[in-house]
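# Structural overview
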Number of protein chains: 2
Amino acid sequence: MAARKKNSTYTRNEAHIIECDLTYAVNKINGRWKILIISKLESGKMRFGEIKKEFPYMTERMLTLQLRAMEQDGLVKRMVYAEVPPRVEYELTEMALAFGPIFKQLSEWGGKYRLP
Amino acid sequence: MAARKKNSTYTRNEAHIIECDLTYAVNKINGRWKILIISKLESGKMRFGEIKKEFPYMTERMLTLQLRAMEQDGLVKRMVYAEVPPRVEYELTEMALAFGPIFKQLSEWGGKYRLP
DNA sequence: TGCGGTACGAACAAACTTGTAAGTAATGGC
DNA sequence: GCCATTACTTACAAGTTTGTTCGTACCGCA
């Protein structure tokens, strides 16, 4: 998400991991924020600023980076309107929407097994 | 998984994230290897060395760290037998087994949406 | 006495992710 | 002309995760 990988074992291991369907999927939504962003966008398209307001503790930079990575990965569609001040809207793709039921189950897991 | 958290925003944000059931769950299985370890252990208890053989590209150190963290998190039971040479077996807890169906769905997601 | 087997532990280093702080562009309103 | 607004960008600096290498303990066996 920063300057992109280099060489050596770290990257080689990542390659192994991406060969597995399971870890491939998880790899798409790794990082601290992507999952949260997806769950916010599940209810429909949102502007950059709207998403930002949902996460007061996330920096703008992080949001930008995550959204860019998600766009690259085909998880969100980015729509730029030629207005001033600028307006940009983000919307989940089908691929990202397909995570919906999975996230629901993960949420249930969390509710059930979280410690007091 | 290394020296444990410090202070400041990074940690503070993690706290926010753990408040959410969804990200709490994901946080339990983050990192590069935990998910793979869980899926291997789904078929029953294994010795340290057996698990190791399943992942020729993972270092012993990583395996140790992950298993330790998972034990702390209540995902695996660790059983040490007082023998020489030592024998240690790992087994999933109910909590970890509950990830089974979720992993299956994630796997299906990966199979369906992975790029050529 | 030296060696092999198992499951680690410790010190150090490289790579990646996340956060901080500031600045940019264009335009309409004052 | 000057300012506010929005969605970023850039340079830099923390902080965390992963990987490398070596070393330990214990017992039986040659």
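Residues numbered from 1 in each chain as written. Chains lettered and ligands numbered in written order. Predicted model: local features only at pLDDT ≥ 70, side-chain atom pairs only at ≥ 80, totals over all residues. Heavy atoms only, no water.

Per an unreviewed UniProt entry, chain A carries the name DNA-binding transcriptional regulator, HxlR family and comes from Pedobacter steynii.

The subject of this paragraph is the relation of the copies chain B and chain A. With an axial shift of 0.0 Å and an RMSD of 0.1 Å, the rotation relating chain B to chain A amounts to 180°. Given the turn and translation reported, the copies of this chain are related as if by a two-fold rotation axis. Relative to the rotation axis, the closest C-alpha in chain B is found at B:Ile102, a distance of 3.3 Å. Taken together, the interface assignments show that 100% of the residues at the interface of chain B recur at the interface of chain A, consistent with an identical surface on both copies. (Least-squares fit on C-alpha atoms with pLDDT ≥ 70 in both. Contact = heavy atoms within 4.5 Å.)

Quick look at the interface of chain B and chain A now. In this complex, chain B contributes 39 residues to the contact, which on the side of chain A involves 39 residues. Carbon and sulfur atoms supply 66% of the area that chain B and chain A bury against each other, a total of about 3800 Å² over both sides. Per-residue buried area on chain B facing chain A is highest for B:Leu22, B:Arg32 and B:Trp109; these three make up 20% of the total on that side. Run the count over chain B and chain A and you get two salt bridges. One salt bridge connects A:Asp21 with B:Arg114, and the closest N-O pair in it is separated by 2.4 Å. (Buried area = accessible area lost by both parts, 1.4 Å probe. Salt bridge = Lys/Arg side-chain N within 4 Å of Asp/Glu carboxyl O.)

All names here are of chain B. Examined bridge by bridge, strand S2 (residues 76-81) and strand S3 (residues 87-92) share six bridges and lie antiparallel to one another. Each bridged residue has a counterpart across the sheet, and for Lys77 the counterpart in S3 is Glu91. Hairpin connection, S2 to S3: the antiparallel pair is bridged by five residues. (Pairing = 2+ DSSP bridges. Helix = DSSP H or I, 4+ residues; strand = E, 2+ residues; numbered from the N terminus.)

What follows covers the pattern of salt bridges. Residues and elements named next belong to chain B. Counting across every chain of the model gives 14 salt bridges over all chains. A salt bridge links Asp73 to Lys28, with the shortest nitrogen-to-oxygen separation between them at 3.7 Å. Taken as a pair, Asp73 in the loop between helix H5 (60-72) and S2 and Lys28 in helix H2 (residues 21-28) lie far apart in primary sequence, 45 residues in all. Lys28 sits in the buried class, given a relative accessible area of 6%. Close ionic contact of Glu108 with Lys104 constitutes a salt bridge, the shortest N to O distance being 3.4 Å. Here Lys104 and Glu108 lie together in helix H7 (residues 100-113), a separation of four residues that amounts to about one turn. Glu108 gets classed as partly exposed once you look at its relative accessible area, which sits at 46%. (Buried < 20%, exposed > 50% of the residue type's maximum accessible area, 1.4 Å probe, protein only.)

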